[in-house]
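# Working through the structure, step by step
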Amino acid sequence: MPEATFYFPPDFKWGTATSSYQVEGNNTNNDWWAWEQEEGHIKEGHRSGLACNWWERAEEDFDRAAELGQNAHRLSVEWSRIEPEEGRFDDSALDRYRAMLQALRERGIEPMVTLHHFTNPLWLAEMGGWENPRAIPLFDRYAARVVEALGEFCDLWCTINEPNVVVFLGYVMEVFPPGKQDFRAAMGVGRNLMRAHAAAYRRIHELQPQARVGFAHNIRIFDPANPRSPLDRRVAAWQNRAYNETFVAAVIRGRWLPPLGLGWALRLRNTLDWVGLNYYTRDVVAFDRRMGHQLFGRNFHPEDAELMDGGYGELYPEGMERSLRRLARLRLPIYVTENGIPDSDDDQRPRYLITHLHRVWRVIQGCHPVVGYYHWTLVDNFEWVEGWTLRFGLIEIDPETQARTFRRSAYLYRDIIRANGITPQIIDEYAPEIRSVLLPG
Ligand code: IFM
């Protein structure tokens, strides 16, 4: 009897994801550039600099994506380029993005455009960023300009990337700008981001009725360190609610759930056409009364966990399935808008890719509509506070010379896309050590 192939639906989208700041280079007019210049913020004093030089040469990497058979790409546009000063829009920046989207289309790659991926124009940061409710109408106006300019090439929009990450890393953990530890401000920022999402959702549909609009939600699994401890269970459940559930509840049910807020948010209700999952890893959580800013949870990795480079997290494919099954309850199309691993020598990535995609496949077998997968990422790029120390790319880059080298995983992803599934031959060639797990008997 022939061995099973894990086939994906015929119209499945296979892509990679990137963000403007991480790949374009010289994005000098935003809060992240300012943050980078301050000592101690970025590991080893690294700088984004020219990044992957996409502002000049994105098309060359689009060629590489096409060569690998990808039919989708998620990129973001940079607010600080498009609106360099409040109210002044730069048509030449929009033209560059039009050229990029056209280039993707010409290569048979469908673009998904993210409007906000972590960075804020300096002028917005100076007026208090997302703590200031004025950010909402300003984002709405910016979204309108982008859709008017780029709508000819794109109708798949992601309003905001990982609002929960913006909130927790910027306003609780002090590692993203503005580097605060202020829970009250954090929750205000979270509400404003979700209000901005809803405003943009409506605006985009007004301008482009056929548009499909969603946001990219980072889900992290939080499991109690000791499942028999009621306190560990309680803090894990709280972190889960705060991080994973409240943002989605606002835009699906039109409700603020604590700690994000309390009461109705009716204007926000039903403002998703699809939901995006960014899944990477899980934490185990133990109650610790000293960790008030983390809802009294101390987060760590299980002792026997296999870790990714730089302690980025546990390699935990089951979390992909658990996250997708949670989102499936929303009864909306799901894109895996990000999933990937920092692995500079590419010794874990093949296994990571196959096991995570196998989990996606399992969820699709349950008739849940996962419609696409965007691997993070196409080429190594500037990894925020980790600088260039973490390498997530299917393609390796030397940021000094800009030289590219395909990693083995790039060919693995190409072969999966070609087969539109995971075949026994692919497993044998790229990760024979997991054959007995995926193909028992
Ligand atoms: O590089 C980031 C991306 O910008 C947002 N999601 C997680 C990725 C890897 O850390």
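Placed above this text is the structure.
Residues numbered from 1 in each chain as written. Predicted model: local features only at pLDDT ≥ 70, side-chain atom pairs only at ≥ 80, totals over all residues. Heavy atoms only, no water.

Here the focus is the nonpolar core. Counting residues in hydrophobic clusters, the biggest one holds 132 residues, and the most contacted among them are Trp157 and Ile354. Broken down by element, this core gets its largest block of residues, 11 residues, from helix α9 (residues 183-207). Ala72, Leu156, Ile341 and Leu390 belong to the second-largest nonpolar core, a separate cluster that totals 17 residues. (Core = buried A, V, L, I, M, F, W, Y, C linked by side-chain atoms within 4.5 Å. Buried < 20%, exposed > 50% of the residue type's maximum accessible area, 1.4 Å probe, protein only. Helix = DSSP H or I, 4+ residues; strand = E, 2+ residues; numbered from the N terminus.)

Here the largest pocket is characterised by a volume of approximately 1,000 Å³. As for the largest pocket, its lining consists of 42 residues, and the residues nearest its centre are Val165, Leu169, Arg220, Tyr243 and Tyr312. Breaking the lining of the largest pocket down by element, the ones donating at least two residues are α8 (163-171), β6 (212-224), α10 (230-253), β9 (274-287) and β10 (297-300). Among the elements that make up the lining of the largest pocket, the one with the highest residue count is β9 (5 residues). In terms of residue class, the lining of the largest pocket is built from 22 nonpolar, 13 polar and 7 charged. Among the elements of the structure, α10 and α11 (318-328) are those that each provide at least two residues to the lining of the second largest pocket. Looking at the lining of the second largest pocket element by element, the count peaks at 7 residues for α10. Classifying every residue of the lining of the second largest pocket gives 7 nonpolar, 2 polar and 4 charged. (1 Å grid on protein atoms, 1.4 Å probe; cavity = no way out; pocket = protein on both sides within 12 Å on 5 of 7 lines; lining within 4 Å. Points joined across faces, edges and corners; volume = space filled by probe spheres on them. Nonpolar A, V, L, I, M, F, W, Y, C, P; charged D, E, K, R; others polar.)

On to unusual backbone geometry. The general pattern is negative phi for most residues beyond glycine and trans for most peptide bonds. Following Pro258, the chain continues into Pro259 via a peptide bond in cis, with omega recorded as 5 degrees. Cis geometry is adopted by the peptide bond preceding Thr377, which originates at Trp376 and carries an omega value of 15 degrees. One non-glycine residue, Ala51, adopts positive backbone phi at about 50 degrees. Relative to the assigned elements, Ala51 resides in the loop between α2 (31-37) and α3 (54-67). Phi is positive for Leu295, which is not a glycine, with a value near 55 degrees. Looking at where Leu295 falls in the secondary structure, it is placed in the loop between β9 and β10.

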